[in-house]
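Examination of the molecular architecture
Residue strings, one per chain:
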Amino acid sequence: MSDLTSAPVPPIGPGDHVRGEGEGLIVYADLACPRCAAAWVEMAGRPNSIAFRHFPVASKHPRSPALHAAAEAAGLQGRFFEMVDSLYADRGRVDDPHLWERVERFGLDLERFQRDRRSADLAARVRRDFLSGVRAGVAGTPAVFDACTLVPVREREF
Amino acid sequence: MIAAGSPAPDFTLRDQDGEKVSLSDFRGRRVLLVFYPGDFSPVCGDQLSLYQEVKPEIAAKGVELIGISVDSFFAHKAFQEKLGFDTTLLSDFEPKGEVARAYGSYLDKFGFANRTLVLIDADGQVEWTYESPNPGEFPGANVIFDALA
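Summarised in this report is the structure supplied together with it. (Residues numbered from 1 in each chain as written. Chains lettered and ligands numbered in written order. Predicted model: local features only at pLDDT ≥ 70, side-chain atom pairs only at ≥ 80, totals over all residues.)

**Concerning the overall build of chain B**
- On a plain count of helices and strands, chain B comes out with 5 helices and 9 strands.
- Order of helices (α) and strands (β) in chain B, N terminus to C terminus: β-β-β-α-α-β-α-β-α-β-β-β-β-α.
- A compact globule built from 149 residues would reach a C-alpha radius of gyration of about 15 Å, and chain B, at 14 Å, matches this within 12%.
- Considering only contacts in chain B between residues 6 or more positions apart, those separated by 24 or more positions represent 63%. (Helix = DSSP H or I, 4+ residues; strand = E, 2+ residues; numbered from the N terminus. Rg over C-alpha atoms; globule rule 2.2 N^0.38 Å. Contact = placed C-beta atoms within 7 Å.)

So this is what it looks like as structure tokens:
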């Protein structure tokens, strides 16, 4: 069993999904969470970088695990953020056939996508992010860290 | 808020299936009572949903997780089914909030319990407590694991 006692949020590292350059935010988000979708749009206008970390809460959003796996699988073919943007932009179309449409639209290998999104390694990658968020005190999504410090929801400005 | 080291007030409440559950049923095991305002909170990553995600890790520490709110047991059942989780939920319904009051968790201003965690040891003594600064915030699961470490 993992140690889930408190620990600082891990700094951005080579294993992270990062968009943009320079100092930026770390965001723990759930791909099926409507508040995350709204925040994602707001954050897209920021000049600095954003590191996306997985925080699927399956009992709240049953589709979350499948969507996070889809984003990771797209990421293995170089289209992680395209998948995230698309899932947040079109939240009503997140069933498997809709994921396959996206894969084809992004020009990805569908067979590989299907294989990858069910792999144990990929699930472990998602869980690693989730547990780092738990240890850092993430209690709801989206949780935004600036310089590794949690930004309270009421103080957020993007 | 009840103080650590105090005897945990015993109670008998109905669970989501209408069955009577007493705190004393758990004597010999540690119990974590999670007082929360109400079922169907709209916040993404609801407290109980988050705890459900780490329930195996909580169980591995030998701790029974129990949610308590002022909702009826019918509402608890629907809430459990909606979220697909199996955490026991107790109904502090009549007299409303009586158990939450006994633990010092009840908020008269709002008519429900604050988000409060109460860890009870195997002998029925309060081992540790946590109270949120306001009912709109809830503690991350790390706070629980710090207490259990």
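**Some thoughts on the packing of helix α2 (residues 64–75) of chain A against helix α6 (residues 120–135) of chain A**
All names here are of chain A.
- Closest axis-to-axis distance for the α2/α6 pair is 10 Å, and the angle between their directions is 110°. On the basis of the axis angle, α2 is roughly perpendicular to α6. The way α2 lies across α6 gives a crossing that is right-handed. Taken together, the residues of α6 that come into contact with α2 (itself represented by His68, Ala69, Glu72 and Ala73) are Leu122, Ala123, Arg125 and Val126. (Axes fitted to C-alpha atoms, helices over the stretch in contact; angles between N-to-C directions. Parallel < 35°, antiparallel > 145°, perpendicular 65-115°, else oblique. Left-handed = near helix turned anticlockwise from the far one by under 90°.)

**Some words on the interface of chain A and chain B**
- Facing the 21 residues of chain A at the interface are 22 residues of chain B.
- Listing elements by their share of the side of chain A that touches chain B, those giving two or more residues are α1 (34–43) and α6 of chain A.
- A breakdown of the residues in the side of chain A that touches chain B according to their chemical character gives 10 nonpolar, 7 polar and 4 charged. (Nonpolar A, V, L, I, M, F, W, Y, C, P; charged D, E, K, R; others polar.)

**Some details on the sheet that holds strand β5 (residues 88–91) of chain B**
Residues and elements named next belong to chain B.
- Pairing is mixed across the open sheet formed by 7 strands, whose spatial order is β2-β1-β5-β4-β3-β8-β9. Sheet topology places β2 (20–22) and β9 (126–131) at the edges, where each strand pairs with a single neighbour. Sheet twist, expressed as the average angle between the axes of neighbouring strands with direction ignored, equals 30°.
- Where strand β4 (residues 63–69) meets β5, 4 bridges bridge the pair, whose relative direction is parallel. Bridging from a neighbouring strand, Gly67 pairs with Leu89 of β5.
- In the packing of helix α3 (residues 73–83) onto the sheet, the strands contacted are β1 (12–15) and β5, and the crossing angle to β5 comes to about 155°. (Pairing = 2+ DSSP bridges.)

**Some words on α1(A)**
All names here are of chain A.
- Within α1 the residues assigned to the buried category are Cys36, Ala39, Trp40 and Met43. Along the axis of α1, the buried positions cluster into a sector of 110°, meaning they face one direction only. Looking at α1, the residues exposed on the side facing more than 90 degrees away from the buried face are Ala38 and Glu42.
- Looking at the buried side of α1, the elements it contacts are β2 (24–29), β3 (49–54) and α3 (80–89). (Buried ≥ 20, exposed ≤ 12 C-beta atoms within 10 Å, placed from the backbone. Arc of directions from axis to C-beta.)

**Structural notes on the environment of Leu87(A)**
All names here are of chain A.
- Structurally, the position occupied by Leu87 is in helix α3.
- Its 25 C-beta neighbours within 10 Å are what place Leu87 among the buried residues.
- In sequence terms Leu87 and Ala39 are 48 residues apart; their C-alpha atoms lie 13 Å from each other.
- Apart from the residues within four sequence positions on either side, Leu87 is in contact with Leu31, Leu67, Ala71 and Val94.

**Quick look at the pairing of β5(B)**
All names here are of chain B.
- For β1 and β5, the ladder comprises 2 bridges, and the chain directions are antiparallel. When the bridges of β5 are listed, Arg14 appears paired with Ser91.
- Running through α3, the crossover from β4 to the neighbouring parallel element β5 is right-handed. (Right-handed = clockwise from strand over helix to strand, strands pointing away.)

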